[in-house]
Number of protein chains: 2
Amino acid sequence: MKIAIYGYGNLGKGVELAVRQNDDMELFGVFTRRNPESLKTLTGIPAYSSSDIEKYKNDIDVLIICGGSATDLPEMTPALAKHFNVIDSFDTHADIPVHFAKVDKVAKENGTTAAISVGWDPGMFSLNRLYANSILPDGKDYTFWGKGVSQGHSDAIRRIEGVLDARQYTCPVEEAMEKVRKGENPELTTREKHTRLCYVVASDDADLARIENEIKTMPKYFADYDTTVNFISQEELDRDHKGIPHGGSVIRTGKTGLNGENNHVIEYSLKLDSNPEFTASVLVAYARAVYKLNKKGDTGCKTVFDIAPADLSPMSHEEMISHLL
Amino acid sequence: MKIAIYGYGNLGKGVELAVRQNDDMELFGVFTRRNPESLKTLTGIPAYSSSDIEKYKNDIDVLIICGGSATDLPEMTPALAKHFNVIDSFDTHADIPVHFAKVDKVAKENGTTAAISVGWDPGMFSLNRLYANSILPDGKDYTFWGKGVSQGHSDAIRRIEGVLDARQYTCPVEEAMEKVRKGENPELTTREKHTRLCYVVASDDADLARIENEIKTMPKYFADYDTTVNFISQEELDRDHKGIPHGGSVIRTGKTGLNGENNHVIEYSLKLDSNPEFTASVLVAYARAVYKLNKKGDTGCKTVFDIAPADLSPMSHEEMISHLL
């Protein structure tokens, strides 16, 4: 099956690398809004101009759209679903129903298959919430993120006067997770679930106390959290904080029994060295499913909830049953 | 939807309790090979003779078969799939392909829908192996079980001369799990992954040294493990070891990146106070899926791999997308 990438940032690069790990796929190329001639891909795959994409309609089985959720994907995914089987990682949770409806309409009208909001949250975490909720109806859900880099929070710090560079880690509070794992069903405030750890490079003449105060009191981003600010040099930041790790845990605790006397804990957790490369790996597995569904005539928009696990795998049904069940 | 239970051991009782937690289901009753008049159910639901079951064909939407994998299910599931939508927890891994083929044939011929090998292993653990393998093709799988009661190993000890009662716990080796979680990809022998912990009640005149030796050297069951034997009184066994807890972890570690430089760890873990009640809860969620699939005309035999997660949930698609994605 032939895969193409639309958008070549960290996620697009991750897809380029992930496709190489799957023998049943090949990469057609990358579509970019930049000048394709100036684009040097990691593995030498060809780059094309995004404005030419319709010409390649018959050369591409699934198009993996690697744009941003704020402004790119709400436009790109419905537009591209007109001509291609598509998949995206749209992650603005509140806007998913609207995005779904738009993509579903276009895909159904044009006989294409789409999957939206694929990755790990939304994505694998959502799946695990659904499975665990279905199995334990009398229970409580918890999601913890990190330790991992939040791009949005890092950007927010960089906008403060006197800040040259910054990296923000979201950290789960271990004691809170332990309480949850013990089945204590705690009610946890925002502050009790996560802390924020910041590494900041300031200009030589900057007022560090002011910067620290501006970070810690920033509404929405930091004010509701216990935040630690460390000032370091650009050299240290580049040396120690260059990666984009992330992860987290989805936990559901629930009760069964004649009088709810038995507790159960279901936990799904991820520890990822590279957030974009892992997200890309999930996208690529679901690209296989999108391809299979379209071949079966199953068109329209899908989420991870609507796709049977078998469709993600390159194995035959017999192999799966023999080796994985 | 109307659910019936076939077989009333620990698992059947778990199903009886689990159905009560699901508002969209009601329990028709229990079918037993014993005299139904002598059977007192936990919640007072009616008991019927298993030989009369065909009379109730039109009263039951899904039949949950709670028999043993050794001799019951290979006969029962194909026979009952002729008249009912059925689900079982067949767990003899090596025989699943044959069982699948038999049930699939009957179900397809009779327009029924069946799901086999549903529970947590096989079941939720299998699912997580499949998802993780599809996402990280370049990786390694590990499954650890416990700490939990193994009925088979407890029974094996009870067959030793001079043993009155026994309870065996399978315990994962924490150091091995930590190595796996760190992405060290260890090659682990049977002995390095699990230990076995036994609580044994011996008769007054028994030779304890002989019993301990017979346990520790028993082929297949104990010889390949580091085994600890504790002799206790029947009173202590009844007081401290009455529960049927279990659990475990499925872990996949894998690499991505231009040179495999990024490691990822996916872990799914369960901590269960009651193994049969949790297994029953999984069966009940999949009974909902079997019902929905049959309504859609999707007949034949299914496994957890073939069923889309959305079919397990009582939520509408809109609710799922809004609340869980």
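Everything numeric in this text was worked out from a predicted model, so none of it was measured.

## Things to note about the overall build of chain A
Phase 1 of the analysis: Secondary structure assignment for chain A yields eleven helices and 14 strands.
Phase 2 of the analysis: Taking 325 residues into account, the globule formula puts the C-alpha radius of gyration at 20 Å, and chain A, at 22 Å, falls close to it.
Phase 3 of the analysis: Its C-alpha atoms give chain A principal-axis dimensions of roughly 65 × 60 × 35 Å.
Phase 4 of the analysis: Sequence separation of at least 24 residues holds for 69% of the intrachain contacts in chain A that already meet a minimum separation of 6.
Phase 5 of the analysis: Surface exposure of chain A reaches about 13,600 Å², of which carbon and sulfur atoms provide 46%.
Phase 6 of the analysis: The centroid of the 37 positive side-chain charges in chain A is displaced by 3 Å from the centroid of its 48 negative side-chain charges.

## Topic: the pattern of salt bridges
Two side chains with opposite charge may pair up if their charged atoms get near one another.
Phase 1 of the analysis: Scanning the model with the defined rule gives 36 salt bridges over all chains in all.
Phase 2 of the analysis: One salt bridge in this structure joins Lys140(B) and Glu187(B), with 3.4 Å as the shortest N-O distance. On the criterion of sequence distance, the pair formed by Lys140(B) in strand S7 (residues 139–145) and Glu187(B) in the loop between helix H6 (174–181) and helix H7 (190–193) is long-range, its members being 47 residues apart.
Phase 3 of the analysis: Put simply, Asp155(A), Arg158(A) and Asp165(A) are held in one network by salt bridges that share partners.

## Let's talk about the domain arrangement of chain A
All names here are of chain A.
Phase 1 of the analysis: Annotation of chain A at the domain level lists domain 1 (2–119 + 276–323) and domain 2 (124–273).
Phase 2 of the analysis: If you average the C-alpha positions of domain 1 and of domain 2, the two centres end up 28 Å apart.
Phase 3 of the analysis: Residue-level contacts link ten residues of domain 1 with nine residues of domain 2.
Phase 4 of the analysis: It is Phe278, Val304 and Phe305 in domain 1 that bury the most area against domain 2; as a group they hold 54% of the surface buried on that side.
Phase 5 of the analysis: Applying the counting criterion to the domain 1 and domain 2 interface returns zero salt bridges.
Phase 6 of the analysis: The interface formed by domain 1 and domain 2 contains one residue pair in polar contact (both at pLDDT 80 or more).
Phase 7 of the analysis: Examining the composition of the side of domain 1 that touches domain 2, we find that four residues originate from one element, helix H10 (residues 275–295), more than from any other.
Phase 8 of the analysis: Its residues assigned to classes, the side of domain 1 that touches domain 2 comprises seven nonpolar, three polar and no charged.

## Focus: the sheet that holds strand S12 (residues 246–256) of chain B
Phase 1 of the analysis: Read across the open sheet, the six strands follow the order S7(A)-S12(A)-S13(A)-S13(B)-S12(B)-S7(B); overall the sheet is antiparallel. Every interior strand has two partners, whereas the edge strands, strand S7 (139–145) of chain A together with S7 of chain B, have only one. Sheet twist, expressed as the mean angle between neighbouring strand axes with direction ignored, is 10°.
Phase 2 of the analysis: Pairing of S7(A) with strand S12 (residues 246–256) of chain A involves seven bridges; the strand directions are antiparallel. In the sheet register, Tyr142(A) faces S12(A), and the bridge partner there is Ile251(A).
Phase 3 of the analysis: Running over the sheet, helix H4 (residues 124–135) of chain A touches S7, S12 and strand S13 (262–272) of chain A together with strand S13 (262–272) of chain B and is turned about 5° from S12(A).

## Brief notes about the interface of chain A and chain B
Phase 1 of the analysis: The interface is formed by 67 residues belonging to chain A together with 67 residues belonging to chain B.
Phase 2 of the analysis: A buried area of about 5,900 Å², summed over both sides, lies between chain A and chain B, and 62% of it is on carbon and sulfur atoms.
Phase 3 of the analysis: Ranking the residues of chain A by area buried against chain B places Tyr131(A), Leu324(A) and Leu325(A) at the top, with a combined share of 13%.
Phase 4 of the analysis: Applying the counting criterion to the chain A and chain B interface returns zero salt bridges.
Phase 5 of the analysis: Across the chain A-chain B interface, the total number found is 28 residue pairs in polar contact (both at pLDDT 80 or more).
Phase 6 of the analysis: Those elements that place two or more of their residues in the side of chain A that touches chain B are helix H3 (96–110), H4, S12, S13, H10 and helix H11 (317–323) of chain A.
Phase 7 of the analysis: It is S13(A) that provides the largest number of residues to the side of chain A that touches chain B, a total of eleven residues.
Phase 8 of the analysis: Looking at side-chain class alone, the side of chain A that touches chain B contains 34 nonpolar, 21 polar and twelve charged residues.
Phase 9 of the analysis: Sheet topology note: the S13(A)/S13(B) ladder contains nine bridges and is antiparallel. Bridge pairing in S13(B) links Glu267(A) to Ser269(B).

## Concerning the pairing of strand S1 (residues 2–6) of chain A
Consecutive side chains of a regular strand alternate in pointing toward one face of the sheet and then the other.
Residue and element names in this part refer to chain A.
Phase 1 of the analysis: Buried residues dominate S1, accounting for four of its five residues.
Phase 2 of the analysis: Alignment of S1 against strand S2 (residues 26–32), held across five bridges, turns out to be parallel. By the bridge assignment for S2, lysine 2 is matched with glutamate 26.
Phase 3 of the analysis: Considered for its hand, the β-α-β crossover made up of S1, helix H1 (residues 10–19) and S2 is right-handed.
Phase 4 of the analysis: In the sheet, S1 pairs with strand S4 (residues 62–65) via four bridges, with the strands oriented parallel. Bridged to alanine 4 within S4 is leucine 63.

## Re the pairing of strand S2 (residues 26–32) of chain B
Residue and element names in this part refer to chain B.
Phase 1 of the analysis: Summarising burial for S2: six of the seven residues are buried, a large majority.
Phase 2 of the analysis: Here S2 runs beside strand S3 (residues 47–49); their pairing, made up of three bridges, is parallel. Counterpart to threonine 32 in the pairing with S3 is serine 49.

## As for the relation of the copies chain A and chain B
Phase 1 of the analysis: With an RMSD of 0.0 Å, chain A superimposes on chain B once it is rotated by 180° and translated 0.0 Å along the axis. Both copies are brought into coincidence by an operation consistent with a two-fold rotation axis. Among all C-alpha atoms of chain A, that of Ala308(A) lies closest to the rotation axis, at 1.9 Å.
Phase 2 of the analysis: Comparing interface residues between copies, 100% of those in chain A also sit at the interface in chain B, which points to an isologous, same-surface contact.

## A closer look at the sheet that holds strand S6 (residues 113–115) of chain A
All names here are of chain A.
Phase 1 of the analysis: The seven strands lie next to each other as S3-S2-S1-S4-S5-S6-S14, forming an open sheet whose pairing is parallel. Two strands close off the open sheet at either side, each with one partner strand: strand S3 (47–49) and strand S14 (300–302). Neighbour-to-neighbour, the strand axes of this sheet turn through a mean angle of 25°, independent of strand direction.
Phase 2 of the analysis: Along the sheet face, H1 touches S1, S2 and S4 and points at about 165° away from the line of S1.

## Regarding the confidence of the model for chain A
Phase 1 of the analysis: On average, residues of chain A carry a pLDDT of 97, and 100% of them reach 70 or more.
Phase 2 of the analysis: The ipTM for the predicted assembly is 0.96, set against a pTM of 0.96.

## Remarks on the packing of helix H2 (residues 72–81) of chain B against helix H3 (residues 96–110) of chain B
Residue and element names in this part refer to chain B.
Phase 1 of the analysis: At a closest axis distance of 8 Å, the pairing of H2 and H3 adopts a crossing angle of 15°. Our classification of the angle between H2 and H3 gives roughly parallel. For the crossing formed where H2 meets H3, the hand is right-handed. Where H2 approaches H3, its residues Leu73, Pro74, Thr77, Pro78 and Ala81 are matched on the opposing element by His99, Lys102, Val103, Val106, Ala107 and Asn110.
Phase 2 of the analysis: By residue class, the composition of the contact of H2 with H3 is seven nonpolar, three polar and one charged.

Thresholds applied
Residues numbered from 1 in each chain as written. Chains lettered and ligands numbered in written order. Predicted model: local features only at pLDDT ≥ 70, side-chain atom pairs only at ≥ 80, totals over all residues. Heavy atoms only, no water. Helix = DSSP H or I, 4+ residues; strand = E, 2+ residues; numbered from the N terminus. Rg over C-alpha atoms; globule rule 2.2 N^0.38 Å. Contact = heavy atoms within 4.5 Å. Areas by Shrake-Rupley, 256 points an atom, 1.4 Å probe, with all protein chains shown as cover. Lys, Arg positive; Asp, Glu negative; His and termini not counted. Charge placed at Lys NZ, Arg CZ, Asp CG, Glu CD. Salt bridge = Lys/Arg side-chain N within 4 Å of Asp/Glu carboxyl O. Domains from an automatic or database assignment. Buried area = accessible area lost by both parts, 1.4 Å probe. Polar contact = N/O pair within 3.5 Å; in protein donor to acceptor, adjacent residues only side chain to side chain. Nonpolar A, V, L, I, M, F, W, Y, C, P; charged D, E, K, R; others polar. Pairing = 2+ DSSP bridges. Axes fitted to C-alpha atoms, helices over the stretch in contact; angles between N-to-C directions. Buried < 20%, exposed > 50% of the residue type's maximum accessible area, 1.4 Å probe, protein only. Right-handed = clockwise from strand over helix to strand, strands pointing away. Least-squares fit on C-alpha atoms with pLDDT ≥ 70 in both. pLDDT = per-residue confidence, 0-100. Parallel < 35°, antiparallel > 145°, perpendicular 65-115°, else oblique. Left-handed = near helix turned anticlockwise from the far one by under 90°.

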